[in-house]
Amino acid sequence: MNIQHKNIAIIGGGPGGLTLARLLQLKGANVKVYERDVNAAVRVQGGALDLHAESGLAALTKAGLMDEFKTHYRPGAELVRVTDSQLAVYADQHAEITNEKFGDKNYRPEIDRGPLREILLNSLLPGTVVWDSHIVSIEQIQDTWRLVFKNGNTIMADLVIGADGANSKIRPFVTGIKPYWTGITMLEGSLKDGAKTAPVIHQLLKGGKIFAYGNQKTLIVSSKGDGSFGFAVSFKSDEFWAKESGVNFNDNQQVLAWFKKEFAEWNPAWWELFESADTLFIPRPQYCMPLDQKWDAKPNITLLGDAAHWMPPFAGEGVNMAMLDALQLSEALTDAKFSDTRQAIAHYEKQMFARFGRIGQATLFNTEWMHQPDALKQMLAMFGKNKLKQGLFIGNYLVKVMVMPAIRKAIGLPPVQKILR
Ligand SMILES: Cc1cc2nc3c(=O)[nH]c(=O)nc-3n(C[C@H](O)[C@H](O)[C@H](O)COP(=O)(O)OP(=O)(O)OC[C@H]3O[C@@H](n4cnc5c(N)ncnc54)[C@H](O)[C@@H]3O)c2cc1C
């Protein structure tokens, strides 16, 4: 294989970087992961994730980690309730019996990010992840790379893989192509002890997810295994809204006041999500890499995951794509049919570009309609049109519309009883 006797440096220990490290170690490669976090526990990991059969689960299967996954995933956490801004439930996957199971094409089991990261970390050889390694620059010296870290350390690597997320420091050494602004900002929140802190939303959530739509705004809530909730509101905004809004996101009273004003038409029950002083808020302006991006493969550096194809999260594909990148890159780098690493990287990148073209388009489609006045109607119509099989959001389940005929008529929905997957 092309990577024998090479020092491989993966920059970033997110789901993409750790999956790649595991897959390459299974093939006997010499890999280190350089991660900015000072240790595994330093940061609250974000909301829950559904892994898809053809991508996230395929990578875990190849990594020999499905048994571990099956002991940590959360059955039922993927079930969704679709509501309007007044908490009226229009579609409820909890009300349906599904027979989806592992091995089915459309089964999308849910796992929290923390346990997923732990499964991957525990699968690596001791010392693989070098914590507190915030990369600040890299320099090419003949056929190798010199990596410089914020803590003053430097190392040499034969092959560098940028898995360092949306604001990758490695990406400029691969391509000058930049992400563009999508017009949407997301404000992510992480709330402790949801049952106590947000009892009404807790009841509605039922251990699964809520997708709420109203006034061109979206609110998504997911339950997590430790009793906390991850949630995110998203809305149309100027590019630099987070800075220019004047809201101090470390001051929860200010965030609550902002929510009450900007989501004034929404039911006050949602305020629960914003009232606790312990809730962490992170504004996330949404960018997307150009769907037709391409570059010439380099012999000893490439990208995966968000570093390669950052996109909004409205199709639930980011982690899945990062893990599939890891699978395809590991296979290319260890395939004897390629005579050098440039060929292997070119093969991987070709697959990645084409896939991002498709998945990115579906993602932007969701991003657009979810922030239109008729988003709720579109969501329900999409169930009916069986578009979910494209992986656009919820996936797989038979869903019944439970809204009263008069309300359906008022919001312009057809008189349908059953909405099929
Ligand atoms: C609110 C929200 C909800 C989302 N929901 C979903 C979902 O439901 N499903 C889904 O599939 N995706 C979802 N996504 C997208 C998903 O989180 C990303 O696509 C995914 O995490 C990308 O994985 P990655 O490994 O490429 O990068 P990341 O997960 O971003 O990991 C990058 C790693 O690199 C490290 N790093 C960064 N800079 C440096 C540096 N300079 N030096 C060293 N290390 C560095 C970081 O600390 C991090 O550990 C969501 C994203 C957001 C913001």
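As the structure is a computational prediction, the values presented were derived from the model and not from experiment.

Okay, the UniProt feature "binding site: FAD" (unreviewed entry) in the protein chain next. Sites flagged by UniProt as "binding site: FAD" (unreviewed entry) map to Asp50, Arg113 and Asp306. Structurally, Asp50 can be placed in strand E3 (residues 49–50). For Asp50, a relative accessible area of 14% translates into the label buried. Within the local environment of Asp50, its side chain forms a polar contact with the side chain of His52, the two groups lying 3.3 Å apart. With relative accessibility at 31%, the residue Arg113 sits in the partly exposed group.

Below, the discussion takes up helix H1 (residues 15–26). Compared with the 16 Å implied by 1.5 Å per residue over 12 residues, the 17 Å span of H1 between its first and last C-alpha is a close match. Burial of H1 is extensive: 10 of the 12 residues sit out of reach of the surface. Here H1 has its buried residues at Gly16, Gly17, Leu18, Thr19, Leu20, Ala21, Arg22, Leu23, Leu24 and Gln25. Just past H1, the residue Gly28 takes up positive phi, approximately 85°.

Bringing the side chain of Arg117 into the picture now. Mapped onto the fold, Arg117 is located in helix H4 (residues 113–122). Given the relative accessible area of 7%, Arg117 is considered buried. There is a polar contact of 3.3 Å between the side chain of Arg117 and the side chain of Asp37.

Taken in spatial order, the 5 strands of this open sheet run E7-E2-E1-E11-E17, and their pairing is parallel. Since the sheet does not close on itself, it has two edges, and those belong to strand E7 (129–130) and strand E17 (301–303), each with one partner. When strand E11 (residues 159–162) meets E17, the two strands line up parallel, connected through 3 bridges. Among the inter-strand pairings, Gly162 is bridged to a residue of E17, identified as Leu303. With respect to the sheet, helix H12 (residues 341–369) is in contact with E11 and E17, its orientation differing from that of E17 by roughly 20°.

Conventions we followed
Residues numbered from 1 in each chain as written. Predicted model: local features only at pLDDT ≥ 70, side-chain atom pairs only at ≥ 80, totals over all residues. Heavy atoms only, no water. UniProt positions renumbered as here; feature names shortened; annotations may be inferred. Helix = DSSP H or I, 4+ residues; strand = E, 2+ residues; numbered from the N terminus. Buried < 20%, exposed > 50% of the residue type's maximum accessible area, 1.4 Å probe, protein only. Polar contact = N/O pair within 3.5 Å; in protein donor to acceptor, adjacent residues only side chain to side chain. Expected span 1.5 Å × (residues − 1). Pairing = 2+ DSSP bridges. Contact = heavy atoms within 4.5 Å. Axes fitted to C-alpha atoms, helices over the stretch in contact; angles between N-to-C directions.

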